Amino acid sequence: MSLLDSDAIAHIQDTALFIIGGTLLVDASTVDRNFTLSRTKTDKNLTGVSVAVSDEDGDTQALVDGTVRVGGNMEVRSRQEKESIQKSQLADIPKGVTGVAAAAGVKGKKKKGTKLTTQQRRAVTEAIGRVIDIIKPAAIARLSQKPAKFGPDAAKSLDTFEVASAIAFVQDNNRALSRIGDSNTDNNTLSGDVEVLGSLLVTSTANNRPDITADAGTLKGSSPLLVEGSQFGGSAASAIGLYTNDAQAYIGKEASVDAKDSLTIRSAAINDYQQTYGVNLIQALQNPPKDTFFNTDQPGSVQISLDDIVEIKGGHTAGGDVGTWYQYKGASQNLDLSLENFTDTTQWESLGNPNIKKAKDFVQALTTYLDGTLGIDNNVADTWAQSTANKKNSIKLAGSLSVVDLTHVSNAIIAEAARINQKTTASDGSAFRTGQQAVVVDAQNINESVNLSGSIQLPDINQQTKKLAKRFKLAKAELRGGVKAVDTGKSAIGSTTIVMFYDNTVNAKLEKNVSLYADSLKVDANNKALNVALAASGGDAGNVGFNGVAISVAMDNSVQAHIDAGATVNVGSGSIIEVDGQGNQIDLG
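Note that the structure is predicted; figures quoted are calculated from it, not measured.

Rules used throughout
- Residues numbered from 1 in each chain as written.
- Predicted model: local features only at pLDDT ≥ 70, side-chain atom pairs only at ≥ 80, totals over all residues.
- Heavy atoms only, no water.
- Helix = DSSP H or I, 4+ residues; strand = E, 2+ residues; numbered from the N terminus.
- Buried < 20%, exposed > 50% of the residue type's maximum accessible area, 1.4 Å probe, protein only.
- Contact = heavy atoms within 4.5 Å.
- Areas by Shrake-Rupley, 256 points an atom, 1.4 Å probe, with all protein chains shown as cover.
- Salt bridge = Lys/Arg side-chain N within 4 Å of Asp/Glu carboxyl O.
- Pairing = 2+ DSSP bridges.
- Axes fitted to C-alpha atoms, helices over the stretch in contact; angles between N-to-C directions.
- Polar contact = N/O pair within 3.5 Å; in protein donor to acceptor, adjacent residues only side chain to side chain.

**Focus on the overall build of the chain**
Secondary structure summary: the chain contains six helices and 36 strands in total. Within the chain, buried positions represent 51% of all 589 residues. For the chain, contacts bridging at least 24 residues in sequence account for 81% of all contacts bridging at least 6. Accessible surface, the chain as shown: approximately 25,300 Å² in total, 51% of it carbon and sulfur.

**Digging into the pattern of salt bridges**
Under the definition given, this model contains 18 salt bridges. Across the pair glutamate 83 and arginine 33 runs a salt bridge whose closest N-O atoms are separated by 2.7 Å. On the criterion of sequence distance, the pair formed by glutamate 83 in the loop between strand S7 (74-82) and strand S8 (85-88) and arginine 33 in the loop between strand S3 (24-32) and strand S4 (35-42) is long-range, its members being 50 residues apart. Salt-bridge contacts for arginine 77 lead to glutamate 75; the nearest nitrogen and oxygen are separated by 3.5 Å. Exposure class is identical for arginine 77 and glutamate 75. Each is buried.

**Focus on the sheet that holds strand S20 (residues 309-311)**
If you walk across this open sheet you meet the four strands as S18-S20-S21-S23, and the pairing is mixed. Single-partner strands in this sheet number two, and they are strand S18 (293-295) and strand S23 (348-352). On average, each strand axis in the sheet is tilted by 30 degrees relative to the strand beside it, whichever way the strands run. Sheet analysis places S18 next to S20, joined by three bridges and oriented parallel.

**Focus on the environment of proline 210**
Within the secondary structure, proline 210 sits in the loop between strand S13 (200-207) and strand S14 (212-218). The class for proline 210 is buried, based on a relative accessible area of 5%. Distance in space between the C-alpha atoms of proline 210 and glycine 241 is 7.5 Å, their sequence separation being 31 residues.

**Here we look at the side chain of histidine 408**
Checked against the element boundaries, histidine 408 lands in strand S25 (residues 395-414). Take histidine 408: its relative accessible area is 3%, and that puts it in the buried class. Engagement of the side chain of histidine 408 in a polar contact is seen with the side chain of asparagine 445, the distance being 2.8 Å. Those residues in contact with histidine 408, other than ones at most four positions away along the chain, are Asn245, Ala269, Ile270, Asn271, Asn445, Ile446, Asn447, Asp503, Asn504 and Thr505.

The structure is reproduced here in structure tokens:
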């Protein structure tokens, strides 16, 4: 069980006065790294139960409530994201692990079958004790009627079971807030006053993906306590995940905000599914995308943003190692890279030699394929619950259940009575009307997942080490669901259920009584949602056979790009663009 409770707050309070000649960055950042694993494997006992629980709750806030004067650019940003935990395997090979996994297995003395995967599993569930209580009396009665097929001690032998249950549960709440002005919630008449002679960026990002696995199975049993062909085998795997990403970026009620250049308020709730299977191996050996990768030979000033990478070329003397990559950590701004000191650790992080970095990234990506699914779990599926029962069991029961709730909120708002670009002259006497006062209010949401349930067995690489040699065994690919009884006189019951809830709320809004001047205005609310669910259940039996699959998906989307009645909007030289939830641009004049 793991409990994570985090708060990261960067706050300029309402009585504070900041006068900055250059650039100002107000930054709150949270990085969650959590891998919770529960595993049980019994070789002699006949019951295995594994439960993994993770509860995470985090608030990340970047707040500007005081009086601020900035001579350059200003950025207010809050970021929440999830990363893997780096660990070493054989020969110090790096591997990232993350998520929540529960794995339960029951084996006989003959340890045959594929070893249960233990890394990067993910989430939740519910046991089968009550089901066994219901099934057992009927099973005993049924077998008592068939003594010739099951042997004279068949009914008595049902007092011994092979039972495996894996339950994984995740509750993960992530809230990111960036704001200017506290909307006078403390009743002191101070609501925030900001002047920026460059550009102003207010951003909030909650970036988190689901990662749950529950795996339960009864493998081949050969306990002397059981009469061949007469024992009961049952397994249940449950994965339950409750995830919330909440991103809020706004200018508060009655706040005064002026920027000579662009003003952007952007919120983003991100659960962005990327098909990385095979692709991540290629990308690890390539340079970063061109729009995020620069070098010191580029002439003039270039726009540098968070996480951009710069390579130092020969002849650079301002600071830094030639041939090394450096990643930017500061506020977005224009920089002359030929004059930049990359040894400034407040702005830059060294990534080392690019060839070494690429090699490590490639090996790390490769290790995600060395699991019990040939990398499908790590690179394709977000949630996975699977259960299997021993084919030697006379009565077999296997059930898989996945329940996942993904709630996203993304709000980019200029609140009631806020004053935006209402000043024509700055505190230093310079003119605000530059023709470059573009205003963007942008709310983005991406909520996507791929979910598997049942017994979906895929190619497996088993890594074995003997001295310094490594041997890899490729198991036979098989897609199978539920349970299977191949001999006559045997009964099998298998069920697979996936229940998905998606709740997406996206708002880009100018509230009533807002006074806004802009050379151009864009109000954009965008929502992207995707669900892929695959459930498998199948098998055959001599006497009684039942296999069932159920998938339920409920998706609720609310997307608004809106300018309230009563708002006063003056667009000087450009246009007003409102973007609807489908990405269509509407010119409001």
